[in-house]
Amino acid sequence: VSFVLCQVYGSATVYRRSKIEHEMYEIPNHSSPTYIPPWICGENSRKLLRNHNDDTMFQVETIGIALLQTYEAEALKNRNSELFVKSFNDARALAIPMLRQYVNAQFALDTSIKCHYFEGIVSLCNEMGNPGREKLGKLMAGDMRTVVENGSAFPRFVFSWYTDRSQVAYVLDLGKYCPQELRRFLSENCRVSDHAWINDVRCGRWDEAQMNLSKVGESTETLMDKKLFLSLRKIASIVSQKAPASSANSGLQLIQAQEMLMDAQSDGPIACLPAAGLMQLAMNHVADTSRGYDDRIRAGLAGLAVAEVMQDGAKNAALIWEKSLQCERTLWKDIASFQESNAESDMKEAMSTSVFFGISKEYSLNDTIGLDFERVHKFAGLERTMMGLALVASELAAVSGEGNGSFVLHSNDVMVDVEME
């Protein structure tokens, strides 16, 4: 039965195809509302063909093509019919895989292109590797570019197909065949919007690359990812010959401060800490006497770096200086006692061993620690005065005790009163 059916449909299809090009085979035309399709395009034929899938190449090819042709003549007339569209989709989904399995991939691909079966085109081209994807790109740039099926243009369907399979690299590569469609897809689809900056860089849109990198950097939560995207954003600004955004510099400074405060490298991802959390961590490390001297100095420098990017920079910087003094009350009481004997050399030596002195010294030589204190001169108040006093003891005009364990440091026209207890 299947063999006879194939012979009948094959002959009828060939006859119709040859006659329709030269004679008025179908009257009226298929676009007419009174159009009646030939017997090989009717619903009864569809049912018959669906129920006869033998496993020989000849039969599958004939039945598959015949099934699709039952829809071909009516596709334009019924393109707005949901029932017809669904039936046509089902027929293509049934016929194309059979043609792929029992005939060959190229024949199945050619048939998919002819009947605008998007799923078949993309899957078969992808199956063929790089040559297939190159052909797919040419289709996206050529005749298939404006073809719409089920509300989706062909290029957008291709992008979505690869996105669904987490193969964003192919989305970006195929986008070169239709750059405007890719740009629109990346901006509208939240699943791939994080990759929009790559396309911007490829196209030389450096300002947009900075903007998209900024969005990605703000959304990421791990330290390494944030450092990567902030660094890339800064590079993009350099290439575009524009000054790096202050937020990029500030973000990188916070990351570097956190790296200075980390005790050990973790095997897993490390979350980014906010500026306030970093400031508190820095003060804790400065005051922790179980830590080494150099470690506490680095913590103080990290805290000062954080302070520079905070809104109340001077106030927060003063907290670091205050903590470095409070954590060594005994030492500073001893220094205050030196004033009675005027043992200036002893006082200098004692001060040089303090955490306060160590932080002050390195802070004044900020290039030695890798941090860029771009706004160091902005904070020329309490902490700068105290730094100068600790760095150069000879600048002190006088050191005089004031009862109850307090002492006053006078330098030039500024007086700093430090309460010991």
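Cut-off values and rules
- Residues numbered from 1 in each chain as written.
- Predicted model: local features only at pLDDT ≥ 70, side-chain atom pairs only at ≥ 80, totals over all residues.
- Heavy atoms only, no water.
- Helix = DSSP H or I, 4+ residues; strand = E, 2+ residues; numbered from the N terminus.
- Buried < 20%, exposed > 50% of the residue type's maximum accessible area, 1.4 Å probe, protein only.
- Contact = heavy atoms within 4.5 Å.
- Areas by Shrake-Rupley, 256 points an atom, 1.4 Å probe, with all protein chains shown as cover.
- Phe/Tyr/Trp six-rings, centres within 6.5 Å; stacked < 30°, edge-to-face > 60°.
- Core = buried A, V, L, I, M, F, W, Y, C linked by side-chain atoms within 4.5 Å.
- Salt bridge = Lys/Arg side-chain N within 4 Å of Asp/Glu carboxyl O.
- Axes fitted to C-alpha atoms, helices over the stretch in contact; angles between N-to-C directions.
- Parallel < 35°, antiparallel > 145°, perpendicular 65-115°, else oblique.
- Left-handed = near helix turned anticlockwise from the far one by under 90°.
- Nonpolar A, V, L, I, M, F, W, Y, C, P; charged D, E, K, R; others polar.
- pLDDT = per-residue confidence, 0-100.

**Remarks on the overall build of the chain**
Within the chain one finds 21 helices and 5 strands. Each of the 421 residues in the chain was classed as buried or not, and the buried ones make up 45%. A fraction of 58% describes how many contacts in the chain between residues 6 or more apart in sequence connect residues 24 or more apart. For the chain, the exposed area adds up to about 22,200 Å²; of that, 52% sits on carbon and sulfur atoms.

**A short note on the packing of aromatic side chains**
All chains considered together, the criterion is met by 9 aromatic pairs. When the centroid spacing of 5.5 Å and the interplanar angle of 55° are considered together, the rings of phenylalanine 118 and phenylalanine 157 count as tilted. In this pair, phenylalanine 118 is assigned in helix 6 (residues 118-127) and phenylalanine 157 in helix 8 (residues 154-164), connecting sequence segments 39 residues apart. Residue classification places phenylalanine 118 among the buried residues on the basis of a relative accessible area of 4%. For the ring pair tryptophan 321 and tyrosine 363, a centre distance of 5.8 Å and an interplane angle of 75° mean the geometry is edge-to-face.

**Here we look at the nonpolar core**
Counting 44 residues, the largest nonpolar core has Ile121, Leu136, Met140, Phe154, Val158, Phe159 and Tyr162 as its most contacted members. For this core, the secondary-structure elements that each account for two or more residues are helix 3 (57-72), helix 4 (82-102), helix 5 (105-114), helix 6, helix 7 (130-141), helix 8, helix 9 (168-174) and helix 10 (179-188). When residues in this core are grouped by element, the largest group, 7 residues, is from helix 4. Among residues more than four places away in sequence, those in contact with valine 158 are Val122, Leu136, Met140 and Leu174. Core analysis: the next-biggest nonpolar cluster, separate from the first, contains 32 residues, Leu261, Val306, Trp332 and Met351 among them.

**Section: the side chain of aspartate 200**
Among the structural elements, aspartate 200 can be located in helix 11 (residues 196-202). In this view, aspartate 200 contacts Arg205, Glu208, Ala209 and Asn212; residues no more than four positions away in its chain are not counted.

**So, the pattern of salt bridges**
In this structure the tally under the stated criterion is 14 salt bridges. Close ionic contact of aspartate 173 with arginine 202 constitutes a salt bridge, the shortest N to O distance being 3.4 Å. Remark: arginine 202 occurs in helix 11 and aspartate 173 occurs in helix 9; sequence separation between them is 29 residues. For aspartate 173, a relative accessible area of 36% gives the class partly exposed. One salt-bridge network, in which partners are shared between bridges, spans Arg183, Asp200, Arg205 and Glu208.

**What about the packing of helix 8 against helix 10?**
Two packed helices can be described by the angle between their axes and the distance between those axes. Interaxial distance between helix 8 and helix 10 falls to 10 Å at its minimum, and their mutual angle equals 50°. What the angle tells us is that helix 8 and helix 10 run oblique. Once helix 8 is placed against helix 10, the crossing between them reads as right-handed. Residue-level inspection shows Pro155, Arg156, Phe159, Ser160 and Thr163 of helix 8 in contact with helix 10, the latter providing Glu181, Leu182, Phe185 and Glu188. Each residue belonging to the contact of helix 8 with helix 10 can be placed in one class, and the counts come to 4 nonpolar, 2 polar and 3 charged.

**Quick word on unusual backbone geometry**
A positive phi is found at histidine 116, a non-glycine position, where the angle reads about 55°. As for its position among the elements, histidine 116 is in the loop between helix 5 and helix 6. Its identity as a non-glycine residue notwithstanding, serine 166 has a phi of 55°, on the positive side. Locating serine 166 in the fold gives a position in the loop between helix 8 and helix 9.

**Observations regarding helix 8**
Residues Phe154, Pro155, Val158, Phe159, Trp161, Tyr162 and Thr163 constitute the buried set of helix 8. Where helix 8 is buried, its residues touch helix 6, helix 7, strand 2 (152-153), helix 9 and helix 10. Two residues or fewer past helix 8, serine 166 is found with a positive phi of approximately 55°.

**Notes on the packing of helix 4 against helix 5**
At a minimum axis distance of 7 Å, the contact between helix 4 and helix 5 shows a crossing angle of 155°. As summarised for this structure, helix 4 and helix 5 are arranged roughly antiparallel, according to the angle between their axes. Every residue of helix 5 that contacts helix 4 at Ile96, Leu99 and Arg100 is listed here: Ala105, Phe107, Ala108, Thr111 and Ser112. Split by residue class, the contact of helix 4 with helix 5 holds 5 nonpolar, 2 polar and 1 charged.

**So, the confidence of the model for the chain**
With 68% of its residues at a pLDDT of at least 70, the chain reaches an overall mean of 75. Overall, residues 367-421 carries pLDDT values under 50, and its contacts beyond four positions in sequence, including any with other chains, amount to 110 contacts.

**Details of the environment of leucine 228**
Relative to the elements of secondary structure, leucine 228 occurs in helix 13 (residues 223-239). In this structure leucine 228 comes out as partly exposed when scored by relative accessible area, which is 44%. Expressed as a C-alpha distance, the spacing of leucine 228 and leucine 213, which sit 15 residues apart in the sequence, is 9.7 Å.

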